[in-house]
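Read off the chains here:
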Amino acid sequence: MNIVKCSLVVLAMIAAPAFAARPVSISIDAGKPGPVINKNVYGQFAEHLGTGVYEGMWVGPKSTIPNTRGWRNDVVGALKALHVPLVRWPGGCFADTYHWRDGIGPQHQRPSNVHANGSVDEFNAVGTHEFFDLIEMLGAEAYVNGNVGTGSVQEMADWIEYMTADGGSPLARLRARNGREKPFKVAYFGIGNELWGCGGNMKPEYYASLYSNYEHFLRAPAQSRPKMIASGNDTVWTEVLSKELKDRTAGISIHQYTVPTGNWDVKGKDLGFKEDEWISTLANTMKMDQMIKDHVAVLDRNDPNKTIGLMIDEWGTWYDEAAGRSALFQQNSLRDALVAALNFNIFHRHAERVPMTTIAQMVNVLQAMILTDKEKMVLTPTYYAFQMYVPFQDAESLPLAIKDNTSYTLGTVTIPGVSASAARARDGKLYLALVNTDPSRAVDVAVDVAGTKLQGAAGKVLTAAAMDAHNTFQHPQAIGPAPFSTRAAGGKLSIKVPAKAVMVVALEK
Ligand code: AHR
């Protein structure tokens, strides 16, 4: 189905009388703006894993696939259109065994090596310079993740110097000899990854001491010193790290994946699932809210001045791997778009403490924006959810109250029917994001902005007939956002949100 047909389906679904409207009311207080939603909340993660970097993004300058210095033009173009603000690289667990010196200098002289995750025969064609080439093409910020697991303080200190030092330093001169005179700009630097697991099976107290040691020697010119990020885990880790690392860290990173069944041994399929896994996936992803609250409670105690952010630098769906695909490749359906949007609404609510997140991952791995197969590329429903939410980047969050929310129940699981968030964007407009979690029933939402007479709303809606609607290389436009608009009547604005939908609209005064 193409996007035009898809729009007709959306109109039909909105108009269908079988879906009884239920009154949900949303009140927005535009006079009391909350914290700014940092654009980096919409960050991405690109790990050397499966075909996430090689094939998916990097094909090399000699490839017949059109590319710019090795990076695929189609993928870079699509990511630019997505306004990707930040990219975390090179891992993940890959970072725990990555030695940056393997990835500099003439490409044909770089060594090949197999990394601990076993999934990549790494030939180091993509290293520091290539990563920053991508970042600069995208106009994004860089979040580089260092190696504590198998690295050393000296190796990490050298990498920071190599990337950030001005002309005089020996490593800056080496960088210049490798083709880059000007320092690279590193916005964030992660000191290790998952130290509780693949990063070295450590205890939080041990890592806290190790972090202090590393951080002490990571020198960069004051104006270009990256924000240093400590790698966390549960609230026990946050307790220890926020007490021990005050003034030494800009944030503690947390990884929170959504597994449909909640069971890591049998996670659930990417497609062809039944409604019980639709609701359990959405219910599980909504646990993000409580998880953030639990960590924020610890941070508020130990860091009342709010200098430490909670960086959710791995999140998204994780399904069972299907045979014959590259590592952690999974299809991506309408369900994933709802997962993304539900999380965005949660992140907006916690804008004060959550200045950055990076979804896992950008291309071909887990909940990806883009899937590729040789020269073919397809945009996923998650891509479209990110695109619809672009106005929320660096927008002022606005307090919003939902009254008479519906609920959606299946068996023993009940979740809220409507999730929403609102913000005043940089273009001055008020935006409202709505998610209807119910896969069968549309919902009427009455919208009110204190002190304002709303005339209408216009934007985009993403929905489809099937819960697992998705784009394939054969049918790349089966699902995509459709235009939506509505007018106020009798001085009241009511928005009908179709079943299983994500909607983002600008409110018209
Ligand atoms: O995103 C895939 C993997 O999940 C990352 O390498 C690791 O940090 C996490 O466990």
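K.L.:
What exactly am I supposed to notice about the pairing of strand β13 (residues 356–360) here?
P.N.:
Looking along a regular strand, one sees side chains alternate from face to face of the sheet. With 5 of its 5 residues buried, β13 lies for the most part within the structure. With burial as the criterion, each face of β13 is covered, one bearing M356, T358 and A360 and the other bearing T357 and I359. Pairing of strand β2 (residues 43–45) with β13, which is carried by 3 bridges, proceeds in the parallel orientation. Bridging from a neighbouring strand, Q44 pairs with I359 of β13.

K.L.:
Teacher, can you tell me more about the state of the cysteines here?
P.N.:
Joining two cysteines, a disulfide is a covalent bond between their sulfur atoms. Per the stated rule, a full pass over the model turns up 1 disulfide. Each disulfide pairs two cysteine sulfurs, and for C93 the partner residue is C198, the sulfurs being separated by 2.1 Å. In this structure the cystine formed by C93 and C198 twists about its S-S bond by roughly -85°; its chirality is therefore left-handed. You can see C93 sitting in the loop between β5 (86–89) and β6 (113–114) and its partner C198 sitting in the loop between β9 (188–191) and α6 (204–217), a full 105 residues away along the chain. Residue C93 is classed as partly exposed on the basis of its relative accessible area of 27%.

K.L.:
Where do I start with the sheet that holds strand β17 (residues 400–403) in this structure?
P.N.:
Hydrogen bonds between backbone atoms are what pair the strands of a sheet, whose relative direction is either parallel or antiparallel. Spatially, 4 strands are ordered β17-β1-β22-β25 in an open sheet, and the strand pairing comes out mixed. Two strands bound the open sheet, and with one partner strand each, they are β17 and β25 (493–497). For this sheet, the mean inter-axis angle between neighbouring strands, taken without regard to orientation, is 25°. As paired elements, strand β22 (residues 443–449) and β25 share 5 bridges and run antiparallel to each other. Residue pairing across strands places D444 opposite K496, the latter belonging to β25.

K.L.:
Please clarify how the nonpolar core should be interpreted in this entry.
P.N.:
Soluble globular proteins tend to pack their nonpolar side chains together in the buried interior. M57, F189, I191, I292, I312 and Y389 are the most contacted members of the largest nonpolar core, which totals 118 residues. Tallying contributions element by element places helix α10 (residues 334–349) first for this core, with 10 residues. Y389 has contacts with Y42, A341, F344, N345, H348, A433, V435, V502 and V504, leaving out every residue within four places of it along the chain. Counting residues in hydrophobic clusters, the runner-up holds 27 residues, among them V418, A422, V447 and L493.

K.L.:
What exactly am I supposed to notice about the site of the ligand here?
P.N.:
Taken together, 13 residues sit near the ligand, with E47, C93, E194, Y257 and E314 positioned nearest. Within the backbone of C93, an N or O atom sits 2.9 Å from an oxygen atom of the ligand. Between the ligand and N193, the relevant distance is 3.2 Å, taken from an oxygen atom to a side-chain nitrogen or oxygen of the residue.

What counts and what doesn't
- Residues numbered from 1 in each chain as written.
- Predicted model: local features only at pLDDT ≥ 70, side-chain atom pairs only at ≥ 80, totals over all residues.
- Heavy atoms only, no water.
- Buried < 20%, exposed > 50% of the residue type's maximum accessible area, 1.4 Å probe, protein only.
- Helix = DSSP H or I, 4+ residues; strand = E, 2+ residues; numbered from the N terminus.
- Pairing = 2+ DSSP bridges.
- Disulfide = S-S within 2.5 Å.
- Axes fitted to C-alpha atoms, helices over the stretch in contact; angles between N-to-C directions.
- Core = buried A, V, L, I, M, F, W, Y, C linked by side-chain atoms within 4.5 Å.
- Contact = heavy atoms within 4.5 Å.
- Near = heavy atom within 4 Å.
- Polar contact = N/O pair within 3.5 Å; in protein donor to acceptor, adjacent residues only side chain to side chain.

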